[in-house]
Amino acid sequence: MFTEINGLNINYICEGENAKNQSVLLLHGWGANIKLFSQIITCLSPYFKVYAPDLPGFGESDEPKEPWAVDDYVDFVISFCRKMEIESCYIIGHSFGGRIIIKLMSREELPFVTEKIVLTGSAGIRPKQTLNKKIKTRCYKIGKGILSTKICKKIMPNALDNLRKKNGSADYNAASPIMRQCLVKVVNEDLTPLISNIKASTLLIWGEKDDATPISDGQLMEKLIPDAGLVVLENSGHYAFLEQGVRFCRIISSFFNIM
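Residues numbered from 1 in each chain as written. Predicted model: local features only at pLDDT ≥ 70, side-chain atom pairs only at ≥ 80, totals over all residues. Heavy atoms only, no water.

(A) Up close: helix α2 (residues 70–83). Taking 1.5 Å per residue as the helical rise, α2 with its 14 residues ought to reach 20 Å, and the 20 Å between its terminal C-alpha atoms agrees with that figure. Of the positions making up α2, those classed as buried are Val 70, Tyr 73, Val 74, Phe 76, Val 77, Ile 78, Phe 80 and Cys 81. On the buried face of α2, the contacting elements are β1 (2–5), β2 (8–15), β3 (23–27), β4 (49–53), α3 (96–104) and α8 (177–187). One or two residues past the end of α2 sits Glu 85, with phi positive at roughly 60°. (Helix = DSSP H or I, 4+ residues; strand = E, 2+ residues; numbered from the N terminus. Expected span 1.5 Å × (residues − 1). Buried < 20%, exposed > 50% of the residue type's maximum accessible area, 1.4 Å probe, protein only. Contact = heavy atoms within 4.5 Å.)

Pasting the structure below:
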């Protein structure tokens, strides 16, 4: 289905019944889309009204008209919930979706109530840069500055793109120009000081072998969130909810009291 949110055409899923008088909102990760949530939606839709939007710039939704930061995605989620008339919901966020939830829960006077949250492989904690990483970043910025000059663009028209491909992450290289700018804004914001603002009961589900958001991030979130518990899925990575879908659904079903 499609709806218009603040001038953007947004693809979303809405399935299920409000059997427990509660909605569930699913927020996907960077570079992903709502199709990845199909097993979770099947699991929860007999008990809840389940909403899952393709975030702007992903799936079948429009890109933002200008580079967005995390706060802009938070504003979008609030507008989406208003449009769907969601008054009370549980929220599940993977990776970038978790990053949005962390900042969302720091907002005052939200138009809906959130009693339970599931964060799986959540982003938001900025990793400490090693000396090698700092040197690499500095060299990239110097090279980018040189190759951006008119004379270098004329002599070596592909050099700047080649430098970006060599130094950029897979997410960065796969993104459109405007989404690259969004990504830079997003990853450079450390949300660690905001994590303790999450007051809702929170379940953290982490893949033991997650190399995108390491398990140490989940352990730190468990310490910082007043009411949180961490479940580690062995032999799983960043997409634990896909790699161990049946077990993941059993865990969230127990958390949501539908077992």
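Alright, that's what it looks like, and here's the rest.
(B) Main features of the nonpolar core. Counting residues in each nonpolar core, the largest one holds 48 residues, and the members touching the most others are Ile 91 and Met 221. If you list the elements that add at least two residues to this core, you get β2, β3, α2, β5 (88–94), α3, β6 (113–120), α8 and β7 (201–207). What Met 221 contacts, discounting residues up to four positions off in sequence, is Ile 102, Leu 119, Ser 122, Ala 123, Ile 125, Ile 195, Leu 204 and Trp 206. With 26 residues, the next largest nonpolar core counts Leu 26, Cys 43, Leu 44 and Val 118 among its residues. (Core = buried A, V, L, I, M, F, W, Y, C linked by side-chain atoms within 4.5 Å.)

(C) Main features of the packing of aromatic side chains. This structure, assessed with the given rule, holds 15 aromatic pairs. Seen from their ring centres, Phe 48 and Phe 256 are 5.9 Å apart, and the 75° between their planes marks the pair as edge-to-face. In this pair, Phe 48 sits in the loop between α1 (38–44) and β4 while Phe 256 sits in the segment after α11 (245–255), placing the two residues 208 residues apart along the sequence. The residues Phe 48 and Phe 256 share a single accessibility class, namely buried. Geometrically, the ring pair formed by Phe 58 and Phe 96 is tilted, given 6.5 Å between the ring centres and 55° between the ring planes. (Phe/Tyr/Trp six-rings, centres within 6.5 Å; stacked < 30°, edge-to-face > 60°.)

(D) Focus on the side chain of Gln 22. Along the chain, Gln 22 falls in the loop between β2 and β3. Residue Gln 22 is classed as buried on the basis of its relative accessible area, which comes to 7%. Within the local environment of Gln 22, its side chain forms a polar contact with the side chain of Ser 88, the two groups lying 2.7 Å apart. At 3.0 Å, the side chain of Gln 22 and the backbone nitrogen of Cys 89 are in polar contact. Not counting chain neighbours up to four residues away, the residues in contact with Gln 22 comprise Phe 48, Lys 49, Ser 88, Cys 89, Tyr 90 and Glu 115. (Polar contact = N/O pair within 3.5 Å; in protein donor to acceptor, adjacent residues only side chain to side chain.)

(E) Region of the structure containing the pairing of β1. By the alternation rule, side chains of β1 split into Thr 3 and Ile 5, which are all buried, and Phe 2 and Glu 4, of which none is buried. Bridge count between β1 and β2: four bridges; the pairing is antiparallel. When the sheet's bridge partners are listed, Ile 5 is paired in β2 with Leu 8. Adjacent in sequence and paired antiparallel, β1 and β2 are bridged by two residues, among which Asn 6 carries a positive phi angle near 50°. (Pairing = 2+ DSSP bridges.)

(F) View of the environment of Thr 3. Within the fold, Thr 3 resides in strand β1. Spatially, the C-alpha atoms of Thr 3 and Phe 80 are 9.1 Å apart, while their sequence positions differ by 77 residues. The contacts of Thr 3, once residues within four sequence positions are left out, are Leu 8, Asn 9, Ile 10, Tyr 12, Lys 83 and Met 84. Of note is the side chain of Thr 3, whose polar atom sits 3.0 Å from the side chain of Lys 83.

(G) Spotlight on the sheet that holds β5. Spatial strand order, β1-β2-β4-β3-β5-β6-β7-β8: eight strands in an open sheet with mixed pairing. The open sheet terminates on both sides in strands that have one partner only, identified here as β1 and β8 (228–233). The average undirected angle you get between the axes of adjacent strands in this sheet is 25°. Across five bridges, the pairing between β6 and β7 is parallel. Following the sheet pairing, Val 118 is matched in β7 by Leu 203. Running at roughly 120° to β1, α2 makes contact with β1, β2, β3 and β4 of the sheet. (Axes fitted to C-alpha atoms, helices over the stretch in contact; angles between N-to-C directions.)

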